[in-house]
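# A closer look at the structure
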Amino acid sequence: QVQLVESGGGLVHPGGSLRLSCAVSGIPFSAYTMGWYRQAPGEQRELVADRTFGGTTNYADSVKGRFTITRDISDPVVYLQMNSLKPEDTAVYYCNAKRATLGWNYWGQGTQVTVSA
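A brief look at the structure comes next.

Criteria and cut-off values
- Residues numbered from 1 in each chain as written.
- Predicted model: local features only at pLDDT ≥ 70, side-chain atom pairs only at ≥ 80, totals over all residues.
- Heavy atoms only, no water.
- Phe/Tyr/Trp six-rings, centres within 6.5 Å; stacked < 30°, edge-to-face > 60°.
- Helix = DSSP H or I, 4+ residues; strand = E, 2+ residues; numbered from the N terminus.
- Buried < 20%, exposed > 50% of the residue type's maximum accessible area, 1.4 Å probe, protein only.
- Lys NZ or Arg CZ within 6 Å of the ring centre and 35° of its normal.
- Pairing = 2+ DSSP bridges.
- Axes fitted to C-alpha atoms, helices over the stretch in contact; angles between N-to-C directions.
- Contact = heavy atoms within 4.5 Å.
- Polar contact = N/O pair within 3.5 Å; in protein donor to acceptor, adjacent residues only side chain to side chain.

### Structural notes on the packing of aromatic side chains
Per the counting criterion, the structure on display carries 3 aromatic pairs. Ring geometry for Phe 29 versus Phe 53: centroids 6.4 Å apart, planes at 80°, classification edge-to-face. With a gap of 24 residues between them, Phe 29 in the loop between strand S3 (18-25) and strand S4 (33-39) and Phe 53 in the loop between strand S5 (46-51) and strand S6 (57-59) connect regions that are remote in the sequence. A residue is classified by how much of its surface remains accessible, and Phe 29, at 10% relative accessible area, is buried. Aromatic side chains Tyr 37 and Trp 107 sit 4.9 Å apart centroid to centroid with 70° between the ring planes, which places their arrangement in the edge-to-face category. You can see Tyr 37 sitting in strand S4 and its partner Trp 107 sitting in strand S10 (residues 104-107), a full 70 residues away along the chain. Among the residues examined, Trp 107 registers a relative accessible area of 36% and is labelled partly exposed. Arg 45 extends its terminal NZ or CZ atom over the ring of Trp 107, reaching a point 4.6 Å from the ring centre.

Laid out in structure tokens, this is it:
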């Protein structure tokens, strides 16, 4: 029943911007920390950013100052605004919902982001 559906990925030139969206259903949105992870070819999946419903955020050092994670108040949607994109940002980006105290963890199917000249 839980569903996380990403959208907004694509091909962009270095220095460009994209906004990823993740529509969430099947979970109490406010009870979960929402996050974005990415996995580059041949690499491990890594945390990009996450955000609690109350607004506490964490960012990977590599994206600080360039990416911003936000959550709608009225709709169960989480966004990742990506600015000043670099080729190193190329990866499949996954939406994540985590309720760490109970061990719950859910994933979307991913959306491809490619940064290339």
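### Here's the deal with the sheet that holds strand S8 (residues 77-82)
Here 4 strands make up an open sheet; going across it, the order is S1-S3-S8-S7 and the pairing antiparallel. With one partner strand each, in any of the chains shown, strand S1 (3-7) and strand S7 (67-71) form the two edges of the open sheet. Each adjacent strand pair in this sheet contributes to an overall mean axis angle of 15°, direction not counted. Strand direction decides the pairing type here: S1 and S3, joined by 5 bridges, are antiparallel. Bridging across to S3, Leu 4 finds its partner in Val 24.

### Focus: the environment of Tyr 79
Positionally, Tyr 79 belongs in strand S8. When its relative accessible area of 13% is taken as the criterion, Tyr 79 is described as buried. Expressed as a C-alpha distance, the spacing of Tyr 79 and Tyr 32, which sit 47 residues apart in the sequence, is 15 Å. Each residue touching Tyr 79, except ones within four places of it in the same chain, is listed here: Arg 19, Leu 20, Ser 21, Trp 36, Thr 68, Ile 69, Thr 70 and Asp 72. A polar contact is formed between the side chain of Tyr 79 and the side chain of Asp 72, at a distance of 3.1 Å.

### A closer look at unusual backbone geometry
Phi at Ser 84 is positive, roughly 50°, even though this residue is not glycine. By the element assignment, Ser 84 lies in the loop between S8 and strand S9 (91-99). Residue classification places Ser 84 among the partly exposed positions, given a relative accessible area of 40%.

### Focus on the pairing of S4
Buried residues dominate S4, accounting for 5 of its 7 residues. Two strands pair when backbone bridges link them, and S4 and S9 are joined in this way by 7 bridges, in the antiparallel orientation. Bridge pairing in S9 links Gly 35 to Asn 96. As paired strands, S4 and S5 are joined by 5 bridges and run antiparallel to one another. Of the residues in S5, the one forming a bridge with Met 34 is Arg 51.

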